[in-house]
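# What the coordinates show
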Amino acid sequence: MPFAATVLTLYPEMFPGPLGISLAGRGLREGLWSMEAVQIRDFATDKHRSVDDTPAGGGAGMVMRADVLASALDSVAPGRPILAMTPRGKPLTQDRVRQLAEGAGAVVICGRFEGMDERLFEAREIEQVSIGDYILSGGEMAALTLLDACIRLIPGVMGAPSSGMDESFETGLLEYPQYTRPVEWEGRTIPEVLRSGDHAKIEAWRRQRAEIDTRSRRPDLWERHEGARIQSPSGARRRKQDDKK
């Protein structure tokens, strides 16, 4: 069964959007994955098709109603993870993206205004997800980001199965620097090791640069990587050997 994405949104016209072009778009046309955009407003019960109301306790803005969101959600076929895009959610990781990509798909709820009534999360099994520590106008752009990350991992979408394995976060590190022709540009040349043809040296150089760049640019990522490496069986063996020296 292909990866099936269902998006609950107030702006269904935003989908598939950029996911309808390039490799993702070709995969969509070839049936490697599918998408459905559900208009949340269709599940409102009043003549004004209201989906929000003022915050309990006072405050600025409006809050999306739990009853309307739940009705929209309950209309979707079950069996897939349900995710809500919200800055209050757990940070999205490449590991979670890969888990989703290997499954049957996902149902994604796009928040708007000041957020969603908390009772929705208490009443339904929903995973709250954030794509970063910043605020967007709504969850639609975040949903597109999440789905793009998943869709590119679907077999057949990117082409060569190994094309994504060396990229940032796949190994717990940032990706190594990339170069291409011309060999010299504005007085800068491609590192000699990359022109040597020695695959072992090239691999070692790439690994070293990935570690250097991760340590300097993303110390948080480096710390997690080092912790995982030390706790691995091979890391534990190396630690014991070092202790004996």
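First, a word on scope: everything that follows refers to the structure included in this document. (Residues numbered from 1 in each chain as written. Predicted model: local features only at pLDDT ≥ 70, side-chain atom pairs only at ≥ 80, totals over all residues. Heavy atoms only, no water.)

## Focus: the overall build of the protein
Secondary structure summary: the protein contains eight helices and nine strands in total. Its C-alpha atoms give the protein principal-axis dimensions of about 70 × 45 × 40 Å. Across the 245 residues that make up the protein, the buried fraction comes to 36%. Across the protein, the fraction of contacts at a sequence separation of at least 24, relative to all contacts at a separation of at least 6, is 73%. Accessible surface, the protein: about 15,000 Å² in total, of which carbon and sulfur atoms supply 51%. Of the side-chain charges in the protein, 33 are positive and 36 negative, and the distance between the mean point of each set is 6 Å. (Helix = DSSP H or I, 4+ residues; strand = E, 2+ residues; numbered from the N terminus. Buried < 20%, exposed > 50% of the residue type's maximum accessible area, 1.4 Å probe, protein only. Contact = heavy atoms within 4.5 Å. Areas by Shrake-Rupley, 256 points an atom, 1.4 Å probe, with all protein chains shown as cover. Lys, Arg positive; Asp, Glu negative; His and termini not counted. Charge placed at Lys NZ, Arg CZ, Asp CG, Glu CD.)

## Some points on the environment of Val 38
The topology assignment puts Val 38 in strand S2 (residues 33-39). Its relative accessible area of 8% is what places Val 38 among the buried residues. Remark: the alpha-carbon pair of Val 38 and Tyr 176, spanning 138 residues in sequence, is separated by 40 Å. Among all residues touching Val 38, those that are not within four sequence positions of it are Thr 6, Val 7, Leu 8, Thr 9 and Phe 43.

## Focus on the packing of helix H3 (residues 94-101) against helix H5 (residues 139-151)
H5 packs onto H3 with a crossing angle of 70° between their chain directions and a minimal axis gap of 8 Å. The orientation of H3 relative to H5 falls into the category roughly perpendicular. Handedness of the crossing formed by H3 with H5: right-handed. Facing Val 97, Leu 100 and Ala 101 of H3, the residues of H5 in contact are Leu 146, Ala 149 and Cys 150. Among the residues forming the contact of H3 with H5, the class breakdown is six nonpolar, no polar and no charged. (Axes fitted to C-alpha atoms, helices over the stretch in contact; angles between N-to-C directions. Parallel < 35°, antiparallel > 145°, perpendicular 65-115°, else oblique. Left-handed = near helix turned anticlockwise from the far one by under 90°. Nonpolar A, V, L, I, M, F, W, Y, C, P; charged D, E, K, R; others polar.)

## Quick look at the nonpolar core
Residues Phe 3, Met 85, Val 108, Leu 146, Leu 147, Cys 150 and Ile 151 are the most contacted members of the largest nonpolar core, which totals 27 residues. Elements with a minimum of two residues in this core: strand S1 (3-9), strand S5 (82-91), H3, strand S6 (105-110) and H5. Of the residues forming this core, the biggest block, eight residues, is contributed by H5. Sequence-distant contacts of Phe 3, that is, excluding residues within four places in its chain, are made with Leu 32, Trp 33, Ser 34, Leu 100, Ala 101, Gly 103, Ala 104, Gly 105, Ala 106, Leu 147, Cys 150 and Ile 154. (Core = buried A, V, L, I, M, F, W, Y, C linked by side-chain atoms within 4.5 Å.)

## Considering the state of the cysteines
The final tally for this structure, using the stated rule, is zero disulfides. For the unlinked cysteine Cys 110, the closest cysteine sulfur is that of Cys 150, found at 13 Å. (Disulfide = S-S within 2.5 Å.)

## Examining the packing of aromatic side chains
If you walk through the whole model with that rule in mind, you get one aromatic pair. Judged by centre distance (6.5 Å) and plane angle (55°), the ring pair of Tyr 179 and Trp 205 falls under tilted. Highlighted residues: Tyr 179 in the loop between H5 and strand S8 (184-185) and Trp 205 in helix H6 (residues 199-217), separated in sequence by 26 residues. By relative accessible area, which is 40% here, Tyr 179 ends up partly exposed. We classify Trp 205 as buried; its relative accessible area is 15%. The lysine or arginine in question, Arg 215, covers the ring of Trp 222, its NZ or CZ lying 4.8 Å from the ring centre. (Phe/Tyr/Trp six-rings, centres within 6.5 Å; stacked < 30°, edge-to-face > 60°. Lys NZ or Arg CZ within 6 Å of the ring centre and 35° of its normal.)

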